Amino acid sequence: MKRCSIILLAIMLLPISWAYSQTLELDYCQERARSLSPIKKQELLYESQANLNIKNLNTLNLPQSRLNGTYNYLSDVLDIGIDIAGLDIAEIPQNQYTLTLDISQKIYDGGYVKNAKKMQEAQLAANVKGMEVDLFEIKGMINTLYFNALVYQENEKLLGTVVDELNGQLKKIMSAVENGAMLKTNANILNQQILKIQQQILEVQLGRKAVIDMLSDWIGEPISPDAEFALPLIADQDLSQDISRPEQQYFDLMEENLESQKKVLNAQVLPSLSGIAQLGVGSPNPLNYFETDATEYYVVGASLKWNFWDWKQTSRKKKVLEINKEILSSKKEDFEKKINIASIRDKSSIDTYNQLIEKDKKILELQEDIVRKSYSQFQNGVITSTEYIIEVNKRTEAQLNLQIHGIQKIQSEINYLTTKGNL
């Protein structure tokens, strides 16, 4: 029974232990944020919109029918005014009505429906790619939040290590104070330094919590205060790849859409041929005006329409489309120029951090040696605790610089790849 209780307790504590061992990765946060964005819903809306428009266009190839009815009262009607023996000429009624069913079937439309459907497909592709452009912007926001959390995390670890080290030294000093080998002032100064670092840790924890709360909102799930943020690994990434941003594809698709609009304009000025039929009943019969009783009739034939002269409206519309293409081309060129400039900036940052890291390593190596010697001098009474603390602070600063510059270097590489669209 006791064993079952222990197992049950362990099962109950599993979610808690998982929460405090949660590990997050940048890729996961990126995918979660993008998949949960309201922007993602637009894709289905764009598809539904295009499908409805295409279905409407398909109906243009089906027989079109229309029911028409008219009623008229005429103040005057045709009166021949001649009586012809043996010929009974009916009097045309002043009350006249017709009811017709008009049917038409498109035979040739100059390719209008086909090109109009292609235009809808091109518009859909451009809209979906535009949605991807909006989603791409989320990457930069997540990068910033993730690396801020990572910096806070590593700073907290480092400062905690320094506190542990100073606490260990404080115990030795307190023992020396109790034995009368050292003044209590030295212990107080060291204890004061520990409290200052603990204050810094508290500030780091508060900053980390604020970043975690924002990131949690983006990815749509709780993040443990003790969650571990993994440092992204990009050793296998090629930093020399060409620019591959969704904006470039969006501009290309928009140009294709303009071309499809031009084809629709061309189709609209070509002749269109339809087969027509009319079934009706009227009084008098429209085909035989002297048949005054309600009579059925029908008409079949063909209809040709050709708007061969539109005062150059179509020509001007094409010129507008060409101007729009030039505007898009200019925007694309401007965008690629900005991306190249941003890539140069990020690449320069990577080179700068590489150099800083090399300097940081040398500075830290020298400062660690100084701290070791200072501690020995402090124990032997050669220097004061204040002087020792100064050297410890210098070492902590060197450690922080190396740590922060290392993270910033990786962040710059991530930003560089993201800017070029290769990540």
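Preceding this paragraph is the structure being described.
Position numbers for residues count from 1 along each chain, tracking the sequence in the order it is written. Predicted model: local features are reported for residues with pLDDT of at least 70 only, side-chain atom pairs are reported and counted for 80 or more only, and whole-chain, interface and lining totals are derived from all residues. Based on all heavy atoms of the structure, the side-chain values leave hydrogens and waters out of the count.

Student: If you had to explain the overall build of the protein to someone new, which residues and values would you point to?
Tutor: Along its length, the protein carries eight helices and six strands. Helix and strand definitions here come from DSSP, where helices need a minimum of 4 consecutive H or I residues and strands a minimum of 2 consecutive E residues; each element is numbered from the N-terminal end. Helices and strands appear in the protein in the N-to-C order α-β-α-α-β-β-α-α-β-α-β-β-α-α. A compact globule built from 423 residues would reach a C-alpha radius of gyration of about 22 Å, whereas the protein, at 41 Å, exceeds it by more than 25%. Expressed as lengths along the three principal axes of its C-alpha atoms, the size of the protein is roughly 155 × 65 × 40 Å. Buried residues are those whose accessible area, probed at 1.4 Å on protein chains only, stays under 20% of the maximum for their type, while exposed residues exceed 50% and partly exposed ones sit between those limits. By residue count, 36% of the 423 residues in the protein fall in the buried class. Here the contacts in the protein between residues at least 6 apart in sequence split such that 83% fall between residues at least 24 apart. Computed with a 1.4 Å probe, the accessible areas rest on the Shrake-Rupley method; for each residue, only the protein chains presented here act as cover. Roughly 26,400 Å² of accessible area belongs to the protein as shown, and the carbon and sulfur atoms make up 55% of that amount. Both definitions apply: the radius of gyration is a C-alpha atom measure, and the globule rule equals 2.2 Å times residues to the power 0.38. Residue contacts are counted whenever heavy atoms from the two residues lie within 4.5 Å of one another.

Student: Mind laying out the packing of helix α2 (residues 26-36) against helix α4 (residues 112-178), listing which residues take part and the relevant values?
Tutor: It is the contact of α2 with α4, at a shortest axis distance of 9 Å, that shows an interaxial angle of 140°. One finds that α2 runs oblique with respect to α4. Pair α2 / α4 crosses with right-handed handedness. Residues L26, C29, Q30, A33 and R34 of α2 touch α4, and the partners they reach there are L135, F136, I138, K139, I142, N143, Y146 and F147. Fitted lines through C-alpha atoms give the axes, limited to the stretch in contact for helices. The angle between two N-to-C directions lies from 0 to 180 degrees. Should an angle fall under 35 degrees it is called roughly parallel, over 145 degrees roughly antiparallel, and 65 to 115 degrees roughly perpendicular, with every other angle called oblique. The crossing is said to be left-handed when, going from far helix to near helix, the turn is anticlockwise and less than a right angle, and right-handed when the turn is clockwise.

Student: An account of the packing of aromatic side chains is requested, with residue identities and associated values reported.
Tutor: Here the aromatic set is Phe, Tyr and Trp, taking the six-membered ring for Trp, and pairing holds for ring centres within 6.5 Å; pairs whose planes are under 30 degrees apart are stacked, those over 60 apart are edge-to-face, and all others are tilted. For the coordinates displayed, the defined rule picks out eight aromatic pairs. Between Y375 and Y388, the ring centres sit 5.5 Å apart and the planes meet at 45°, which makes this aromatic pair tilted. Here Y375 is found in helix α7 (residues 313-379), whereas its partner Y388 is found in helix α8 (residues 385-419), with 13 residues between them in sequence. On the basis of relative accessible area, Y375 is assigned to the buried category, the value being 14%. You can call Y388 buried: its relative accessible area is 1%. In textbook terms, an aromatic cluster arises when at least three aromatic residues are bridged by ring pairs, as seen for Y146, F147 and F229.

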